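# Breakdown of the fold
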Amino acid sequence: MEQLDTPHVASELTPWDRVQRARHPQRPHTLDYVFALCEDFVELHGDRRFGDDAAIVGGMASFNGRTVMVLGHQKGSDTRENMRRNFGMPLPEGYRKAQRLMRHAEKFGIPVLCFVDTPGANPNKESEERGQGNAIAEGIQVMTTLRTPIIATVIGEGGSGGALAISVGDRILMQENSIYSVASPEAAASILWRDSARAPDASRALKLTAQDLLELEIIDEIITEPAGGAHLDAQAAINAAGERIAVHLEQVCALDLDTLLHERYAKYRSIGRFEEQQNVLLRV
Amino acid sequence: MKEFFRRTRKSFDSDQSAETVQIPDDLWVKCPSCRELIYRKELNDNLKVCPKCSHHMRMSAREWVGLLDVGSFSETDANLLPTDPLGFVTPDDTYANKLKKSQHRTGMTDAMLTGVGSINRMWIGIGVGDFSFMGASMGSVYGERLARAAEQAAKLNIPLLTINTSGGARQQEGVIALMQMAKVTMALSRLAEAGQPHIAVMIDPCYGGVTASYPSVADVIIAEPGANIGFAGKRLIEQIIRQKLPAGFQTAEFMLKNGMVDMVVSRSDLRDVLDRLLRHYNARSKPPVVQAQAEPELAGYAQGRA
């Protein structure tokens, strides 16, 4: 950790270093962003079906002179809070709360700001019984056609489906030292390398850094962090993110809803790399 | 539906991927559940369901096409081929090489087979996963074929049937694979706008990113008896909670009990259930309320950036 704290030239960092920074316990979490960037935050609770999940927080707030719906994964900054928030790993009711708030935002024409910071959806017995798969799938489905702008910002870990369930948006922004991955490096290493200690190798192969994902045209922008990482100067990191979110928010709010939804469709519809062979025989 | 589309193996490539113990010339098959030896012809005639314990064995995507009217199926988007966008290498193997081997072994280009066909002369779009191709993991080709199938069904104004089995998103394609969950869900919104149903059949095994996306929000969800369906794998959950999971956890029946699927239907009844469902949708007296919006411009964003 000593080494990480000294300022580096960004390109010298390995993907594994980025993973460590993205997971750093002193890194600002969703509520830090909300309290620093927004005014008059009113937190809303519960999914109206089963319960309230502390791993996802959300509510209405005023950001940059506009009423917005903020929601995000919430990790704790100490052990006790992490236990309460389950390390930012939501249960199905967390995702259903998020969907309720998104529908709420749509109803009242409020844009949605999502903050992504989760190791993944909670894998336990109860979440399977209550339909974790369905909860994530519905989250994705709601966001594909939600008639209000959505901006997702990855502020730490973007862990697989558990992150995607609240990050299908008109813009996806990532902080310089955040990651977004199809599987955690440890899980990928234990499957593909048959050894979870090979996580540093897996983190390189998975192309999970913000720089990789910008290159792959998955995300829209990288938000720079203070030298050494967001955990060294939380306020500066939060302000930088706030500035960029504000710029993108104005852009998407300027579009009429049909154009917005058309662009969102095209954005996701075009993701994928494949070869399309032309069948010459059919043309003869 | 009696005879499946069977292909004879053309390659002599000795593949070490341990296939289930087979007795000379593939004549006899051992049921993995009750260990009964079954004559292969008899098993195929019984839709690969064990005649003794009615265990539903896995079928390839091409075998599943037998569910449709004989001769009605035509494949679409067979010309899409997978690539290796990340240059993914593990100590054992490269992704490019793994793809080649799987293609050789299965005769498929990727894990998803799509097309158009009919059930009792009612036309449907269809997408079937093939577990023997890299665990039917969802990558770019899987996603693109399915997205196109959904858009095409919307355009043709016909329902879409998906038969889903998967280990999840294909890790070798990284976040591109993860985003296929959103892409397919996007494309299915066109089908919903066209007022046509998406019927999903979940077969053994169905996990991860596939369970956590389009099949779980289908209009009707059907599961096969005994199929393992879930989000996180059983072993992972057991490791985390440090307990044995009860028998029957994450089975089709478990999903039914918890309200996650509409019904559990045995393979021999599936065609009949689909027939009844399709007739209900086709018999709607009024056109659906939601009208399809402007034609999706397929050409524009359907270009792969290989």
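These numbers come from a predicted model, not from an experiment. Numbering of residues begins from 1 in every chain and follows the order in which that chain's sequence is written. As a convention, the first chain written is A and the first ligand written is 1, with the rest following in written order. For a predicted model such as this one, the threshold for reporting local features is a pLDDT of at least 70, and the threshold for listing and counting side-chain atom pairs is 80 or more; totals across whole chains, interfaces and linings nevertheless cover every residue. To get the side-chain values, all heavy atoms of the structure are used, and hydrogens and water are removed first.

### Looking at a nonpolar patch on the surface
Here, patches come from residues exposed beyond 30% relative accessible area and free of salt bridges, joined within 9 Å for like charges and within 5 Å for nonpolar side chains (Val, Leu, Ile, Met, Phe, Trp, Tyr). Where accessible areas are quoted, they stem from the Shrake-Rupley method and a 1.4 Å probe; at the residue level, only the protein chains shown are allowed to cover. When a carboxyl oxygen of Asp or Glu is within 4 Å of a side-chain nitrogen of Lys or Arg, the pair counts as a salt bridge. On the surface, Leu27(B), Trp28(B), Leu37(B) and Tyr39(B) cluster together into a nonpolar patch covering about 380 Å² of accessible area. Tracing the sequence through the fold places Tyr39(B) in strand S2 (residues 37-39). For helices the rule is a DSSP run of H or I covering at least 4 residues; for strands it is a run of E covering at least 2, with both sets numbered from the N terminus onward.

### Here we look at the pairing of strand S5 (residues 150-159) of chain A
All names here are of chain A. Note on exposure labels: buried denotes an accessible area under 20% of the residue type's maximum, exposed denotes more than 50%, and partly exposed covers the range between, all computed with a 1.4 Å probe on protein chains only. Of all the ten residues making up S5, ten are buried; the element is thus mostly covered by neighbouring parts of the structure. Across four bridges, the pairing between S5 and strand S6 (residues 171-175) is parallel. Across the sheet, residue isoleucine 151 finds its bridge partner in S6, namely arginine 171. Here the rule is simple: two strands pair whenever DSSP picks up at least two bridges between them. The pairing of S5 with strand S7 (residues 179-181) spans three bridges and is classified as parallel. Of the residues in S7, the one forming a bridge with glycine 158 is tyrosine 180.

### Let's talk about helix H3 (residues 95-106) of chain B
Residue and element names in this part refer to chain B. Helices are assigned an expected span. That span is 1.5 Å times one less than the residue count. With twelve residues, H3 extends 16 Å from end C-alpha to end C-alpha; this agrees with the ideal 16 Å at 1.5 Å per step. Among the residues of H3, Tyr95, Leu99, Ser102 and Thr106 are the ones counted as buried. Seen along its axis, H3 keeps its buried residues to an arc of 70°; they face one direction. Whether two residues are in contact is decided by their heavy atoms, any of which lying within 4.5 Å being enough. As for H3, its buried residues are in contact with strand S4 (80-82). One or two positions beyond H3, positive phi appears at glycine 107, with a value near 75°. This arc is built from the directions going out from the helix axis to the C-beta atoms.

### What about the state of the cysteines?
Residues and elements named next belong to chain B. Cysteine sulfur atoms that come within 2.5 Å of each other are treated as a disulfide pair. By the definition in use, this model includes zero disulfides over all chains. Unpaired in this structure, cysteine 50 has its nearest cysteine sulfur neighbour in cysteine 53, at a distance of 3.7 Å. Take cysteine 50: its relative accessible area is 1%, and that puts it in the buried class.

### Re the interface of chain B and chain A
A common way to state how big an interface is: give the accessible area lost once the parts meet. Facing the 60 residues of chain B at the interface are 55 residues of chain A. Counting across the interface, chain B meets chain A through four salt bridges. Residue Glu276(A) pairs with Arg148(B) through a salt bridge whose shortest N-O separation is 3.0 Å. Nitrogen and oxygen atoms within 3.5 Å of one another constitute a polar contact, given that in protein one can donate a hydrogen and the other can accept it, and given that sequence-neighbouring residues count only through two side-chain atoms. At the boundary of chain B and chain A, one finds 16 residue pairs in polar contact (both at pLDDT 80 or more).

### Concerning the pattern of salt bridges
Tallied over the full model, the rule gives 37 salt bridges over all chains. Here Arg269(A) and Glu144(B) are joined by a salt bridge, their closest N and O atoms 3.0 Å apart. Here Arg269(A) is found in helix H13 (residues 257-269), whereas its partner Glu144(B) is found in helix H4 (residues 140-156) on a different chain. Judged on exposure class, the residue Arg269(A) and its partner Glu144(B) are both buried.

### Comments concerning the domain arrangement of chain B
All names here are of chain B. The assigned domain composition of chain B is domain 1 (27-57) and domain 2 (58-282). Taken together, the five residues of domain 1 in the interface contact eight residues of domain 2. Summed over both partners, the accessible surface that disappears when two parts come together, traced with a 1.4 Å probe, is what is meant by buried area. Note on domain 1 versus domain 2: buried area summed over both sides is about 600 Å², and carbon and sulfur give 54% of it. The largest contributions to the domain 1 side of the interface with domain 2 come from Leu47, His56 and Met57, which together make up 78% of the buried area. At the boundary of domain 1 and domain 2, one finds one salt bridge. In this structure, lysine 48 engages glutamate 63 in a salt bridge whose closest nitrogen and oxygen atoms are separated by 3.2 Å. Counting across the domain 1 and domain 2 interface gives five residue pairs in polar contact (both at pLDDT 80 or more). Polarity classes work like this: nonpolar for Ala, Val, Leu, Ile, Met, Phe, Trp, Tyr, Cys and Pro, charged for Asp, Glu, Lys and Arg, and polar for all others, with Gly in that last group. Residues that form the side of domain 1 that touches domain 2 fall into these classes: three nonpolar, one polar and one charged. Segment limits for the domains were obtained from an automatic or database-derived domain assignment.

### What about the side chain of Glu128(A)?
Among the structural elements, Glu128(A) can be located in helix H6 (residues 125-129). The charged-residue count follows a simple rule in which Lys and Arg add positive charge and Asp and Glu add negative charge, with His and chain termini not counted at all. Of the side chains with opposite charge, Lys234(B) lies nearest to the buried Glu128(A), which makes no salt bridge, at 9.7 Å. Other than its neighbours up to four places away in sequence, Glu128(A) contacts Gly230(B), Phe231(B), Ala232(B), Ile237(B), Phe249(B), Gln250(B) and Phe254(B).

### Section: unusual backbone geometry
The residue after Asp204(B), namely Pro205(B), is reached through a cis peptide bond having omega -15°. Counting through the fold element by element, Pro205(B) comes out in strand S8 (residues 198-206). Of note in this structure, Arg48(A) is not a glycine but carries a positive phi near 65°. Looking at the secondary structure, you find Arg48(A) in the loop between strand S1 (38-43) and strand S2 (56-63). Residue classification places Arg48(A) among the exposed residues on the basis of a relative accessible area of 63%.

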